[in-house]
Amino acid sequence: MIQKSQTALPWGRITGVLIVAVGLLWVTVRNLKIQNGDAPVNHAENKKSKGYDCLKDTPLPEAESRPLVDATDEIGLTFSHAVGPLGTYYVPESVGSGAAWSDFDNDGRLDLLMINGERSPKAKGDFPLGTETGWVLYRGLADGTLQDVSAQAGLDGLGFGMGCAVGDVDNDGDSDVYVTCVKQDRLLLNEGNLQFRDVAVAAGIVETEWGTGVSFFDYDRDGLLDIVVANYTHDDVYDHQTSCGFLKGIVSYCGPHKFSPTVDRLYHNDGLQAAADMGKPQLHFTDVTVSAGMSEVTSYGFTVVTADVSGDDWPDILIANDSLPNRLWVNQQNGTFLEQAVAYGVAVNAVGSALGSMGIAFGDVDRNQSQDFVISTLSTESTMLYQNSGKGFFTDSTQSSEFNLWTRKHTGWGAALIDLNHDGWLDLPLANGLVIPCHSRFPPHGDDNFQVRSDSVQDTAAYWSDYADRNLLLMSTGSGLLRDATQDQGGDFTRAVGSARCLLYGDPDEDGDIDLLVTNSGSRARFYRNEFPKHGHWIRLRLMDSERKRDAIGARVTVQCGDDQWTSSVTPCTSFLASNDVRVHLGIGIHTQIDRIVVHWPDGPVEDCVEVFVPGPVDTDQQIVRGQGKRLREEL
């Protein structure tokens, strides 16, 4: 019998160790490649994962009717969102672009401002032939079409734009514009003749964080419009010039959790200040974020809406927060704000979870004379309905309203509570677009790795089609409840293929109903004309302050017809990155006569801010001018 040597090597064990070592080395090398952006994008693996269906694979059946008609070509809207050249996954590329309807030249017709991106900082190669990166201004013409007047507008070289707000900051009778940017924001003073001049830095606004939402409002009721800016994320390491890759080879834009939250900014309008050289007085703003008490709370801010949430006739601030609790800054009437989103019920959902909040719609869904909030969110979470109890406190009604059934599979951005068919109840169009490619899914936090990449993307249309999602349309049933009308009444709006972001509403053809405009990431904006059969009458109000020479942004209005009442407000900066038609449009159903209009004006002493007006006929526009009604105390 041959005995084994005591010094014989355990070859089986060594072989096992070597196999493990080689495996670990392979994983290490692969992970290094992933982190450095060297690993190829595994589209085949992407298609196999159990994620979101690609929109092009799940088309809606042909519509029997088209209540929302794509009239983009008909009106002459040629704007296309320009970002890239693609391949570096620069995060702002994915957030989209904003837009504004406003009568910038005071000719009685809505003009259109389209905000655009620009070349991504470390992008290589050239844009596709014909790409235009500038911001675009269209003049609204009498026949409802648009004329591009960008060449004369002074909008060249203003940066990578995001959202916008329209308001008259110097009370001179024309509309100015604040535009949030990835770097320095812009404050565009209207010089007349559809020409603008950027005065942001000269006016004291040095805002270089990545801004998204913005709103004008008069938080101290002194008659001058102040500014609040929602900032998104901060990145000291990559400056947002990095992708996030998953171990299966899937690559996409990084979510906010990979970066630092930021502080939202509040600017007080100091009015015209004497110039140091004794020249023409200059507009000036002061950053009061710290003194107002808003500097200690950070957020991933997307949309900001300013309105009287607490019911005291002082404007508050609601900020949709992407993956952290929403922020509600309640006005303390002394120049300061207190964050009270939890107390008012709008911070999280009914089970206490913070969501990926994107856009905000604002309106009185159940007609209890208190306006409600709809907040769009990421897929898997569902768009939220926060209903106002009537005292400024909100209840999450998402499940009882069945919003969760219709919206959970979609990533929502722009949203609007508007009456599309004049039945007297608010409807809800939702603009949707994915943030990760279709047929993929969100990885657990920590499983997505930073990758600095410089891929070559030849087919930009195919690239963005992987981020396409279906727009939704929820229509009122006539009792404060809504139903999913995406298939039978969505028309061209819900059959569009794009990664939608901003949803803008207004009436550029002046036919008395509300039309829609949608911007799409990396592709052409679309205009949808409202051709809904109407179930009643309407009235549209423009609330004006003759002393200020401007629209009364922040005013609240109630219209009474018999026993029915409708409450709305002059709150143009809702949806996502949008500044909507400033006029208050109300469908009033079967009523043929309006009994009275009550307005709460947004500035001056609260005790003297309420007026009652004699209304005009239905199906018309009416201008409501401060001081021409009866004070409520006088009427009583």
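Predicted, not measured: the structure shown is a model, and the values here were computed from it.

Where do I start with the state of the cysteines in this structure?
Put plainly, two cysteines are in a disulfide when a covalent bond ties their sulfur atoms together. Evaluated as defined, the whole model comprises 2 disulfides. A disulfide bridge connects Cys54 with Cys438, and the sulfur atoms are separated by 1.9 Å. With the S-S dihedral at roughly 80 degrees, the linkage between Cys54 and Cys438 falls on the right-handed side. Of this pair, Cys54 sits in the loop between α2 (43-48) and β1 (68-70) while Cys438 sits in the loop between β27 (428-432) and β28 (449-451), and the two are 384 residues apart along the sequence. Each member of the pair, Cys54 as well as Cys438, carries the same accessibility label: buried. Between Cys244 and Cys254 runs a disulfide, and the two sulfur atoms are separated by 2.1 Å. Torsion about the S-S bond of the Cys244 and Cys254 cystine: about 105 degrees, corresponding to right-handed handedness. A residue pair is termed long-range when its members are at least 10 positions apart, and Cys244 in strand β13 (residues 243-245) and Cys254 in the loop between β14 (251-253) and β15 (260-261) qualify at 10 residues. Judged by relative accessible area, Cys244 falls into the buried class, the value being 1%.

Help me out: how do you make sense of the sheet that holds strand β4 (residues 136-140) in this one?
Hydrogen bonds between backbone groups are what pair the strands of a sheet, and the pairing can be parallel or antiparallel. Spatial ordering of the open sheet is given by β5-β4-β3-β2-β38, a layout of 5 strands whose pairing is mixed. Unpaired on one side and paired on the other, β5 (146-148) and β38 (578-579) mark the two borders of the sheet.

Is there a simple way to explain the sheet that holds strand β20 (residues 327-331) in this structure?
Taken in spatial order, the 4 strands of this open sheet run β18-β19-β20-β21, and their pairing is antiparallel. Taken across any chain shown, the strands that pair with only one partner, and hence form the sheet edges, are β18 (301-307) and β21 (337-339). Sheet twist, expressed as the mean angle between neighbouring strand axes with direction ignored, is 20 degrees. With 6 bridges joining them, β18 and strand β19 (residues 316-321) adopt antiparallel strand pairing. The residue bridging Thr306 from the neighbouring strand is Ile317, located in β19.

I would appreciate a short explanation of the pairing of strand β32 (residues 515-520) in the present structure.
Extensive coverage of β32 is indicated by the burial of 6 of its 6 residues. Residues of β32 alternate between two faces, with Asp515, Leu517 and Thr519 on one and Leu516, Val518 and Asn520 on the opposite face, all of them buried. Of the pairings in the sheet, the one linking strand β31 (residues 500-506) to β32 comprises 5 bridges and is antiparallel in character. Looking across to β32, one finds that Ala500 is bridged to Asn520. The turn linking β32 back onto strand β33 (residues 523-530) is made up of 2 residues, and Gly522 within it adopts a positive phi angle of 70 degrees.

Looking at this structure, how should I read the environment of Gly144?
One can find Gly144 in the loop between β4 and β5. Using a relative accessible area of 17% as the deciding quantity, one classes Gly144 as buried. With 69 residues separating them along the chain, Gly144 and Ile75 place their C-alpha atoms 6.5 Å apart. Filtering out sequence-adjacent residues up to four positions away, Gly144 remains in contact with Ile75 and Pro508.

I would appreciate a short explanation of the nonpolar core in the present structure.
Side chains of a nonpolar character, in soluble globular proteins, are inclined to be buried together. Among the nonpolar cores identified, the biggest contains 43 residues, and Leu187, Leu543 and Ile597 are the most heavily contacted of them. In this structure, this core is formed jointly by two domains, domain 1 (68-538) and domain 2 (539-634), each of which donates at least three residues. Leaving out residues up to four positions away in the same chain, Leu543 has contacts with Arg550, Asp551, Ala552, Ala555, Val557, Val570, Val599, Trp601 and Ile624. Within the second largest apolar cluster, 28 residues are counted, among which are Tyr89, Met162, Tyr232 and Val435.

What counts and how
- Residues numbered from 1 in each chain as written.
- Predicted model: local features only at pLDDT ≥ 70, side-chain atom pairs only at ≥ 80, totals over all residues.
- Heavy atoms only, no water.
- Disulfide = S-S within 2.5 Å.
- Helix = DSSP H or I, 4+ residues; strand = E, 2+ residues; numbered from the N terminus.
- Buried < 20%, exposed > 50% of the residue type's maximum accessible area, 1.4 Å probe, protein only.
- Pairing = 2+ DSSP bridges.
- Axes fitted to C-alpha atoms, helices over the stretch in contact; angles between N-to-C directions.
- Contact = heavy atoms within 4.5 Å.
- Core = buried A, V, L, I, M, F, W, Y, C linked by side-chain atoms within 4.5 Å.
- Domains from an automatic or database assignment.

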